[in-house]
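Results of the structural survey
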Amino acid sequence: DQQVKQNSPSLSVQEGRISILNCDYTNSMFDYFLWYKKYPAEGPTFLISISSIKDKNEDGRFTVFLNKSAKHLSLHIVPSQPGDSAVYFCAASAQGAQKLVFGQGTRLTINP
Amino acid sequence: KAGVTQTPRYLIKTRGQQVTLSCSPISGHRSVSWYQQTPGQGLQFLFEYFSETQRNKGNFPGRFSGRQFSNSRSEMNVSTLELGDSALYLCASREGQLTSGRSEQYFGPGTRLTVT
């Protein structure tokens, strides 16, 4: 039972353009969402998070959008840079729950 | 501060053997969580320890166990290894207990376990 899904295993974007990574969830109890970035041979690194009381959160080139009615969130990276090439995981948690539930990851490749 | 460290980084074992992985959290962090990463499955939660007590456990068989020491260092043990246990095992630490995932987890580089 995959409660958090990233349906695109990979995404290729031109440098300087916008990268949009998508994530869907099924558990309506989730109220906190995070994005992590992972390079090969390293652990995931926290990028940005959003609470369900918001629909948008920005941090520099990274913006996360949350659509609660559609149970969908997305990560926008503008402009995309070669160093953004990595695997991106979305994760979710529910109030009172004691674990993060991760998606399968999307491999983003930024082409020069 | 030093980051989360995991040892060993790479390990090769044969079916039926057991293995122990180690994790040292960031200084001052009392919560340690373990995750398994396999291709196509993302990161799956194994368990979380806080103040030497297991606080939550994921949907893994009893062959997977762990413990935490008084200095917050944690070990994970897998007994009677199976081929399907081949994965990257990640440890993450945070300051407080993992309640509702509100605060950031810091991940180590992982231990790559190969079972042959």
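Okay, so let's go over this structure. (Residues numbered from 1 in each chain as written. Chains lettered and ligands numbered in written order. Predicted model: local features only at pLDDT ≥ 70, side-chain atom pairs only at ≥ 80, totals over all residues. Heavy atoms only, no water.)

**Observations regarding the overall build of chain A**
The test is simple: Note on conventions: DSSP H or I runs of at least 4 residues are helices, E runs of at least 2 residues are strands, and numbering of each starts at the N terminus. Atoms counted for the radius of gyration: C-alpha only. Globule rule: 2.2 Å times residue count to the power 0.38.
What chain A contains, in helices and strands, is zero helices and 11 strands. Helices and strands in chain A line up, N terminus first, as β-β-β-β-β-β-β-β-β-β-β. A compact globule built from 112 residues should have a C-alpha radius of gyration of about 13 Å, and chain A, at 13 Å, falls within 12% of that. Dimensions along the principal axes, computed over C-alpha positions, put chain A at roughly 45 × 30 × 20 Å.

**Concerning the interface of chain A and chain B**
Put simply, the rule reads: We call two residues in contact when some of their heavy atoms are within 4.5 Å. The quantity reported as buried area is the accessible area (1.4 Å probe) lost by two parts once they are put together, taken as the sum for both. The term salt bridge refers to a pairing of a side-chain nitrogen on Lys or Arg with a carboxyl oxygen on Asp or Glu at a separation within 4 Å. Definition of a polar contact: a pair of N or O atoms within 3.5 Å, with one able to donate and the other able to accept a hydrogen when the atoms are protein atoms, and with sequence-neighbouring residues admitted only if both atoms are side-chain atoms.
Chain A puts 23 residues into the contact, and the matching count from chain B is 24 residues. Of the roughly 1,800 Å² buried where chain A meets chain B, counting both sides, 52% is carbon and sulfur surface. Put simply, chain A and chain B have zero salt bridges between them. Connecting chain A to chain B are three residue pairs in polar contact (both at pLDDT 80 or more). Elements supplying a minimum of two residues to the side of chain A that touches chain B: β4 (30–38) and β9 (86–94) of chain A. Among the elements that make up the side of chain A that touches chain B, the one with the highest residue count is β4(A) (five residues).

**What about the pairing of strand β6 (residues 53–57) of chain B?**
Residues and elements named next belong to chain B. Definition in use: A strand pair is defined by DSSP finding two or more bridges across the two strands.
In this sheet, β6 lies alongside strand β5 (residues 42–50) in antiparallel orientation, the contact comprising four bridges. Bridge pairing in β6 links glutamate 48 to asparagine 56. Linking β5 back to β6 in an antiparallel pair, the connection comprises two residues, with serine 51 at a positive phi of about 50°.

**Details of the sheet that holds strand β1 (residues 4–5) of chain A**
Residue and element names in this part refer to chain A. Read from one edge to the other, the open sheet built from five strands follows the order β1-β3-β8-β7-β6, with strand pairing classed as antiparallel. Single-partner strands in this sheet number two, and they are β1 and β6 (56–59). Where β6 and strand β7 (residues 62–67) come together, four bridges link them in antiparallel fashion. By the bridge assignment for β7, lysine 56 is matched with phenylalanine 65.

**What to know about the packing of aromatic side chains**
Rule in force here: Here a pair means two rings of Phe, Tyr or Trp (six-membered ring of Trp) with centres within 6.5 Å. Their orientation is stacked below 30 degrees between planes, edge-to-face above 60, and tilted elsewhere. The classification of residues rests on relative accessible area computed with a 1.4 Å probe and restricted to protein chains. Under 20% of the type maximum is buried, over 50% is exposed, and intermediate values are partly exposed.
Per the counting criterion, the structure on display carries 12 aromatic pairs over all chains. Between the aromatic rings of A:Tyr25 and A:Phe33, the centroid separation amounts to 4.7 Å while the plane-to-plane angle is 40°, which identifies the pairing as tilted. Residue class for A:Tyr25 comes out buried when judged on its relative accessible area of 6%. Judged by its relative accessible area of 1%, A:Phe33 falls in the buried class. The interplanar angle of 65° and the centroid separation of 5.2 Å between the aromatic rings of B:Phe60 and B:Phe64 together place this pair among those described as edge-to-face. Across the pair, B:Phe64 and B:Phe60 agree in class, each one buried. By way of ring pairs, the aromatic residues A:Tyr36, A:Phe46, A:Phe89, A:Phe102, B:Tyr35, B:Phe45 and B:Phe107 are connected into one cluster.

**As for the nonpolar core**
As a reminder of what qualifies: Residues grouped as a nonpolar core are buried Ala, Val, Leu, Ile, Met, Phe, Trp, Tyr and Cys residues, joined through side-chain atoms within 4.5 Å.
One finds A:Val4, A:Phe30, A:Phe33, A:Trp35, A:Leu73, A:Leu75 and A:Tyr88 to be the most contacted residues of the largest nonpolar core, which totals 25 residues. Mapped by element, the contributors of at least two residues to this core are β3 (19–25), β4, β5 (45–51), β7, β8 (72–77), β9 and β11 (106–111) of chain A. Looking at this core element by element, the count peaks at five residues for β9(A). Counting residues in each nonpolar core, the second largest holds 21 residues, with B:Cys23, B:Ile26, B:Phe60 and B:Val78 among its members.

**Let's talk about the state of the cysteines**
Each disulfide is one covalent bond, formed between the sulfur atoms of two cysteines. As a reminder, the rule being used: Note that a disulfide, as used here, is simply two cysteine sulfur atoms within 2.5 Å.
Inspection of the entire model under this criterion finds two disulfides over all chains. For A:Cys23, the disulfide goes to A:Cys90, at an S-S distance of 1.9 Å. On the S-S bond that ties A:Cys23 to A:Cys90, the torsion sits near 65°, and the link is right-handed. Highlighted residues: A:Cys23 in strand β3 and A:Cys90 in strand β9, separated in sequence by 67 residues. When sorted by exposure, A:Cys23 lands in the same class as A:Cys90, which is buried. Each sulfur of the disulfide joining B:Cys23 and B:Cys91 lies 1.7 Å from the other. Because the torsion about its S-S bond is -50°, the bridge between B:Cys23 and B:Cys91 counts as left-handed. Here B:Cys91 lies in strand β9 (residues 87–94) and B:Cys23 lies in strand β3 (residues 19–24), a separation of 68 residues in the sequence.

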